[in-house]
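Descriptive structure summary
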Amino acid sequence: MCEFSVKIVLTDIEGTTTSISFVKDTLFPFAKEHTEKYLQETCETAQTQTVIKDLMNLPQYKEFLKETNSSNDGAVDIKKISQFVKYLIDKDLKLGPLKTLQGFVWSEGYRSGTIKGHVYPDVPAAFKRWQDAGIRVAIYSSGSIKAQQLLFRQTEYGNLLPYIAGHFDTTSGHKQEKQSYVNIAQAIDVDPNDILFLTDIVKEAEAARLAGYQTAILSRPGNGPLTDDDKSQFTILNDFESLKVIAK
């Protein structure tokens, strides 16, 4: 069993606490299917108007209009915006306005019970075990903080938010850049060496390690393959049960 001595466990979501297939096969299709209806029903609200404006100001919007031979007269066209959202999702682009809108749409799905947040069976027990040991748990994901909270509030195992002390998204920086992890350590006022970052992405682990973090990589079913070099440089875990964390 791998052992770490830390004050904070900072964990990724997709491929770490939650299956990649849940995001790809449940959340993204739901957003694609329900975005237009959501925009039509809420287009008069300031919240939705801001998101639409932010989407239309993205450089990818001009590319989309060009590729689809659409006019760009500056007018708001809900159907066109909805098509643009599908375009961005298909390209798997991690853009702030897209993540914000997805969070709003998913909120409706969670509220209605259509969506239940997926986490691996070992996650709830690990969160509780770490909290009981005096170790704080925080989340760092490319998904918006709102989307994170929705997922963990309404999981198949109940509400896990009481175990989570903090949430971070791309407003803290890109997940493959060292400075992002420096920013998070400063935000929570903890020495980087006292933080364990859990992820399934090698480049994220490399960035966190450069910032002084302890790191481990999750090799769960459906995750990307790891090279022999990756396995020699990082602690590799199949699940949270094989991870022992003690309070520093």
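The rules behind the values
- Residues numbered from 1 in each chain as written.
- Predicted model: local features only at pLDDT ≥ 70, side-chain atom pairs only at ≥ 80, totals over all residues.
- Heavy atoms only, no water.
- Helix = DSSP H or I, 4+ residues; strand = E, 2+ residues; numbered from the N terminus.
- Rg over C-alpha atoms; globule rule 2.2 N^0.38 Å.
- Contact = heavy atoms within 4.5 Å.
- Buried < 20%, exposed > 50% of the residue type's maximum accessible area, 1.4 Å probe, protein only.
- 1 Å grid on protein atoms, 1.4 Å probe; cavity = no way out; pocket = protein on both sides within 12 Å on 5 of 7 lines; lining within 4 Å.
- Points joined across faces, edges and corners; volume = space filled by probe spheres on them.
- Nonpolar A, V, L, I, M, F, W, Y, C, P; charged D, E, K, R; others polar.
- Phe/Tyr/Trp six-rings, centres within 6.5 Å; stacked < 30°, edge-to-face > 60°.
- Lys NZ or Arg CZ within 6 Å of the ring centre and 35° of its normal.
- Pairing = 2+ DSSP bridges.
- Axes fitted to C-alpha atoms, helices over the stretch in contact; angles between N-to-C directions.

A word on the overall build of the chain. In terms of regular secondary structure, the chain is built from 10 helices and eight strands. The C-alpha radius of gyration of the chain comes to 19 Å, within 12% of the 18 Å expected for a compact globule of 248 residues. Considering only C-alpha atoms, the chain reaches an extent of 60 × 35 × 35 Å along its principal axes. Summarising the internal contacts of the chain: among those between residues at least 6 apart in sequence, 71% fall at separations of at least 24.

Relative to the elements of secondary structure, Thr 11 occurs in strand β2 (residues 8-11). Residue classification places Thr 11 among the buried positions, given a relative accessible area of 0%. A C-alpha to C-alpha distance of 8.0 Å links Thr 11 and Ser 141, two positions 130 residues apart in sequence. Excluding residues within four positions of it along the chain, Thr 11 makes contact with Thr 16, Thr 17, Phe 127, Ala 138, Ile 139, Tyr 140, Leu 198 and Phe 240.

Time to look at empty space enclosed by the protein. Throughout the structure, instances matching the rule amount to one cavity of 30 Å³ or more. Taken together, Phe 28, Ile 89, Asp 92, Leu 93, Leu 98, Lys 99 and Gln 102 make up the full set of residues lining the largest cavity. The element that contributes the greatest number of residues to the lining of the largest cavity is helix α5 (residues 96-112), accounting for three residues. Considering only residue class, the lining of the largest cavity consists of four nonpolar, one polar and two charged.

Evaluation of the coordinates by the stated rule reveals 14 aromatic pairs. Ring centres 5.5 Å apart and planes at 85° place the aromatic pair Tyr 181 and Tyr 213 in the edge-to-face group. Here the residue Tyr 181 occupies a position in helix α8 (residues 178-188), and Tyr 213 occupies one in the loop between α9 (202-210) and β6 (214-218), the gap between them amounting to 32 residues. Classification of Tyr 181 by relative accessible area gives buried; the value is 0%. Owing to a relative accessible area of 4%, Tyr 213 belongs among the buried residues under this scheme. Here the aromatic residues Tyr 61, Phe 64, Phe 84 and Tyr 87 are joined through ring pairs into a cluster of three or more. We note Lys 175 situated over the ring of Tyr 140; from NZ or CZ to the ring centre the distance is 5.4 Å. The ring of Phe 240 carries the charged tip of Arg 220 above its face, separated from the ring centre by 5.0 Å.

Glancing now at the layout of surface pockets. Estimated volume of the largest pocket: approximately 610 Å³. Together, 30 residues line the largest pocket, and Asp 12, Glu 14, Lys 94, Ser 142 and Lys 175 are the ones closest to its centre. Looking at the lining of the largest pocket, the elements that each hand over two or more residues are α1 (20-42), α5, α7 (145-153) and α9. A per-element tally of the lining of the largest pocket places α1 first, with five residues.

Structurally, Trp 130 can be placed in helix α6 (residues 122-132). In the structure, Trp 130 is positioned 35 residues away from Leu 95 in sequence and 32 Å away in space, judged by C-alpha atoms. Those residues in contact with Trp 130, other than ones at most four positions away along the chain, are Val 9, Ile 135, Val 137, Leu 198, Phe 240, Leu 243 and Val 245.

This part takes up the sheet that holds strand β5 (residues 195-199). Read across the sheet, six strands follow the order β4-β3-β2-β5-β6-β7 without closing on themselves; strand pairing throughout is parallel. Each end of this open sheet is capped by a strand with a single partner; those strands are β4 (164-168) and β7 (235-237). Pairwise comparison of adjacent strand axes, ignoring direction, gives a mean angle of 25° for this sheet. Two elements, β6 and β7, share three bridges in a ladder whose sense is parallel. Its bridge partner lying in β7, Ala 216 is registered against Thr 235.

What follows is about the pairing of β5. For β5, the tally of buried residues reaches five of five residues, placing the bulk of the element in the interior. Residues Ile 195, Phe 197 and Thr 199 of β5 are buried on one face, and the alternating residues Leu 196 and Leu 198, pointing to the opposite face, are buried as well. Direction of pairing for β2 relative to β5: parallel, over a ladder of four bridges. Note on β5: the bridge partner recorded for Val 9 is Leu 196. Note that β5 and β6 share four bridges and pair parallel. Residue pairing in the sheet places Phe 197 in a bridge with Thr 215 of β6.

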